[in-house]
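Now for the letters of each chain:
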2 protein chains.
Amino acid sequence: MSTLTLISQNQCFGGWHRRFRHHSDSVNGDMTFAVFLPPGCQPETPMPVLYWLSGLTCTDENFMQKAGAMRTAAELGLVLVAPDTSPRGSDVADDADYDLGQGAGFYLNATQAPWSQHYRMFDYVTEELPALIESQFPVTNLRSVSGHSMGGHGALVCGLKQPERYRSISAFSPISHPRQCPWGEKAFRHYLGDDQDSWKEWDSTELMSRASITLPTLVDQGLADEFLQQQLQPQHLQQAADMRGYPLTLRQHPGYDHSYYFIASFIEEHLRFHYQHLMA
Amino acid sequence: MSTLTLISQNQCFGGWHRRFRHHSDSVNGDMTFAVFLPPGCQPETPMPVLYWLSGLTCTDENFMQKAGAMRTAAELGLVLVAPDTSPRGSDVADDADYDLGQGAGFYLNATQAPWSQHYRMFDYVTEELPALIESQFPVTNLRSVSGHSMGGHGALVCGLKQPERYRSISAFSPISHPRQCPWGEKAFRHYLGDDQDSWKEWDSTELMSRASITLPTLVDQGLADEFLQQQLQPQHLQQAADMRGYPLTLRQHPGYDHSYYFIASFIEEHLRFHYQHLMA
């Protein structure tokens, strides 16, 4: 088990926000994550964990700084864990565009050079990071997963591919059908190669349409989101859910855009949704 | 009255966060500010206003993104206004250091060249901006003022120098005695010159010790604040309040630092404090 290096810590709502760096075997390099430990989170009172996956260009910091999630997490007794969106460093493959490479890991396991050397975020998020969290912090092994945009895609893919690992899934403004939108097509072509059959394994709409195990799933989408039509396309996810009978609740909110102002407005409802299923 | 140019807007908690740029006569140049208009803020139901003054290096954005204030503001029906921390632009005097010049206006009226040409943030914040807000938005003329660090100093100075303009004052981690701390001494020497008697007019501890009109005042200070001993020194403010019989509530919080994680933890209490006095 790798050693955690504390980067910084801040008291917040009576609990602690802490940032760590550590060596990750999954990504073959260093990873950074943030954790919020509510007041009273101790070995004799372990708490369940919500994993948050951020969007393009983000780090572990955006959610902790901007979502306003810690207030409700402190009240409920829910640990929050927010990993960085990719491996980083001068030895990690990158691209000049914001939507590929560092900051744009897409929560998958890349199979194509040069990306396959480090970009194994799916293994990191679903296996290595939970194992690390559960060995190093006073938490239960009850997990839920949420995220925004690229991280909404990530949350859905994690929960759909590894349903036994999570109690519930939620997403804000997810990239719902990445194999058929510009962000996803570009990322999948680089990370996974030209065989588009391989893309289906990382496409929420595809995975939901043939899910064998189902999890309670909440998706919020703003109707003034500038990426709604071209990139996010939640209607495909809804169609897959309808076809499969998947327990998806898709809520559409007039006036709200793609920003953290939207996330902040509804994060409390997501935390209560997850908590209800974690404690059921 | 100057024309407002809308920079951006986001729906948030059922209300609107909007950023504007406009020409300011006070600072002889352009200023930027953000406003949060709660749901139901309309000409037939005008709402009171809390002015928020940010700290060194900040713009209008830090508070709106990180404080988590809009949730409670939306619930109460309290308009939030957050101006930038200085005039900006290539024609505005600046300094390579973060604690002088652009981003470091200290909410005073500079008397020394080259600063006196634009740095009149006190007039802007106490007079021009409220007049603009009250002419352009559905608000009452009831105002309170709050801020953080340099902006906590600003909030105290505004409320102490212009008590008839405000109903209540609050601050997080204010620079409480700027004429005797490094940040304040440096700023005052450049903006106000070498005559230290002139500095007393911009020093909260000095102003509180001889206030003729008093306002309900709430100050929160984290005891793990890295700037507490050298820069902030709230004990001087407490001594002045005790001497004068000023209604200051100074709360000290073990473990909390100088960051927005501290502000987020207690902003709801500040908003409720101001709302109570605004509606009294």
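Residues numbered from 1 in each chain as written. Chains lettered and ligands numbered in written order. Predicted model: local features only at pLDDT ≥ 70, side-chain atom pairs only at ≥ 80, totals over all residues. Heavy atoms only, no water.

Rotating chain B by 180 degrees and translating it 0.0 Å along the rotation axis places it on chain A, where the RMSD comes to 0.0 Å. What the rotation and shift describe, once combined, is the action of a two-fold rotation axis. Both copies present the same face, since 100% of the interface residues in chain B are matched by interface residues at the equivalent positions in chain A. (Least-squares fit on C-alpha atoms with pLDDT ≥ 70 in both. Contact = heavy atoms within 4.5 Å.)

Now for the interface of chain B and chain A. Contact residues are listed per partner, giving 23 residues for chain B and 23 residues for chain A. For the pair chain B and chain A, the summed buried surface comes to about 1,800 Å²; carbon and sulfur atoms form 50% of the total. By the criterion of area lost to chain A, the three top residues of chain B are B:Gln11, B:Gln65 and B:Tyr261, representing 37% of everything that side buries. Our count for the contact surface shared by chain B and chain A stands at zero salt bridges. Here chain B is connected to chain A by six residue pairs in polar contact (both at pLDDT 80 or more). Elements with a contribution of two residues or more to the side of chain B that touches chain A: strand 1 (5-12), strand 2 (15-24), helix 1 (61-66), helix 2 (70-76) and helix 10 (260-278) of chain B. (Buried area = accessible area lost by both parts, 1.4 Å probe. Salt bridge = Lys/Arg side-chain N within 4 Å of Asp/Glu carboxyl O. Polar contact = N/O pair within 3.5 Å; in protein donor to acceptor, adjacent residues only side chain to side chain. Helix = DSSP H or I, 4+ residues; strand = E, 2+ residues; numbered from the N terminus.)

The next thing to look at is the layout of surface pockets. The method is simple in principle: a probe with the dimensions of a water molecule rolls over the atoms, and the space it marks as empty is what remains. Reported here for the second largest pocket is a volume of approximately 430 Å³. A:Lys66, A:His148, A:His258, A:Ser259 and A:Tyr260 are, among the 22 residues lining the second largest pocket, the residues nearest its centre. Among the secondary structure elements, those contributing two or more residues to the lining of the second largest pocket are helix 1 (61-66) and helix 10 (260-278) of chain A together with strand 1, strand 2 and helix 1 of chain B. For the lining of the second largest pocket, the per-class residue count stands at seven nonpolar, eleven polar and four charged. (1 Å grid on protein atoms, 1.4 Å probe; cavity = no way out; pocket = protein on both sides within 12 Å on 5 of 7 lines; lining within 4 Å. Points joined across faces, edges and corners; volume = space filled by probe spheres on them. Nonpolar A, V, L, I, M, F, W, Y, C, P; charged D, E, K, R; others polar.)

Residue and element names in this part refer to chain A. As annotated by UniProt and renumbered to match this structure, "active site" (unreviewed entry) occupies Ser-149, Asp-225 and His-258. Despite a sequence span of 110 residues, these residues sit close together in the fold, their greatest C-alpha distance being 10.7 Å. Set against the second largest pocket, the annotated residues that line it come down to Ser-149 and His-258. Here Ser-149 is to be found in the loop between strand 6 (139-147) and helix 4 (150-161). For Ser-149, a relative accessible area of 3% translates into the label buried. (UniProt positions renumbered as here; feature names shortened; annotations may be inferred. Buried < 20%, exposed > 50% of the residue type's maximum accessible area, 1.4 Å probe, protein only.)

One pass over the structure, following the stated rule, counts 36 salt bridges over all chains. Note that A:Arg120 is salt-bridged to A:Asp123, the shortest N-O span being 2.8 Å. Relative accessible area serves as the criterion here: at 29%, A:Arg120 is assigned to the partly exposed category. Residue classification places A:Asp123 among the buried residues on the basis of a relative accessible area of 18%. Across the pair B:Asp84 and B:Arg88 runs a salt bridge, and its minimum N-O distance is 2.8 Å. According to the relative accessible area criterion, B:Asp84 is buried, its value standing at 4%. Connected through shared salt-bridge partners, A:Lys161, A:Arg179, A:Glu201, A:Glu206 and A:Arg210 make up one network.

What follows concerns the side chain of B:Arg71. Here B:Arg71 lies in helix 2. Residue classification places B:Arg71 among the buried residues on the basis of a relative accessible area of 18%. When sequence neighbours within four positions are dropped, the list of residues in contact with B:Arg71 reads A:Arg71, A:Glu268, B:Phe13 and B:Glu268.

A word on unusual backbone geometry. Geometrically, the link from A:Ala113 to A:Pro114 is a cis peptide bond, its omega value of 0 degrees lying close to zero. With respect to the helices, strands and loops of the structure, A:Pro114 is situated in the loop between strand 5 (79-83) and helix 3 (121-136). Phi is positive for A:Phe106, close to 60 degrees, though the residue is something other than glycine. On the secondary structure map, A:Phe106 appears in the loop between strand 5 and helix 3. Phi at B:Tyr107 is positive, roughly 55 degrees, even though this residue is not glycine. Take B:Tyr107: it is sitting in the loop between strand 5 (79-83) and helix 3 (121-136).

Here we take up helix 3 of chain B. Every α-helix carries 3.6 residues per turn, so stepping three or four residues along brings you back to the same face. Residues and elements named next belong to chain B. A maximum bend of about 35 degrees is found in helix 3 at Glu-128, where proline Pro-130 lies one to four positions downstream. Every buried residue belonging to helix 3 is among Met-121, Phe-122, Asp-123, Tyr-124, Val-125, Thr-126, Glu-128, Leu-129, Pro-130, Leu-132 and Ile-133, and all of these are buried. Residues of helix 3 that are buried make contact with strand 2, strand 3 (29-37), strand 4 (47-53), strand 5, strand 6 (139-147) and helix 4 (150-161). (Bend = angle between axes of the 7 residues up to and from the residue.)

The next subject is the confidence of the model for chain A. Chain-level pLDDT for chain A is 97 on average; 100% of the residues reach the 70-or-more range. Interface predicted TM-score (ipTM) for the complex: 0.96; the corresponding pTM is 0.97. (pLDDT = per-residue confidence, 0-100.)

Residue and element names in this part refer to chain A. Assignment of secondary structure puts Gly-101 in the loop between strand 5 and helix 3. With relative accessibility at 0%, the residue Gly-101 sits in the buried group. Distance from Gly-101 to Arg-272, taken between C-alpha atoms, is 33 Å for residues 171 residues apart in sequence.

The next subject is the packing of aromatic side chains. Residue and element names in this part refer to chain A. All told, the structure shown has 28 aromatic pairs over all chains when counted by the stated rule. With 4.2 Å between their ring centres and 15 degrees between their planes, Trp-52 and Phe-63 make a pair best called stacked. Of this pair, Trp-52 sits in strand 4 (residues 47-53) while Phe-63 sits in helix 1, and the two are eleven residues apart along the sequence. Each of the two residues, Trp-52 as well as Phe-63, counts as buried. Here the aromatic rings of Trp-52 and Phe-172 are separated by 6.0 Å at their centres, their planes lie at 50 degrees, and the arrangement is tilted. With a gap of 120 residues between them, Trp-52 in strand 4 and Phe-172 in strand 7 (residues 169-172) connect regions that are remote in the sequence. For the pair Trp-52 and Phe-172, a shared accessibility class is recorded, and that class is buried. (Phe/Tyr/Trp six-rings, centres within 6.5 Å; stacked < 30°, edge-to-face > 60°.)

With that out of the way, let us pick up helix 9 (residues 234-244) of chain A. Residues and elements named next belong to chain A. Along helix 9, the residues classified as buried are Pro-234, Leu-237, Ala-240 and Ala-241. With its buried residues spanning 115 degrees around the axis, helix 9 presents them on a single face. Of the residues in helix 9, the exposed ones pointing more than 90 degrees away from the buried face are Asp-242 and Met-243. Against helix 4, helix 7 (204-209), strand 8 (217-222), helix 8 (228-232) and strand 9 (248-253) lie the buried residues of helix 9. (Arc of directions from axis to C-beta.)

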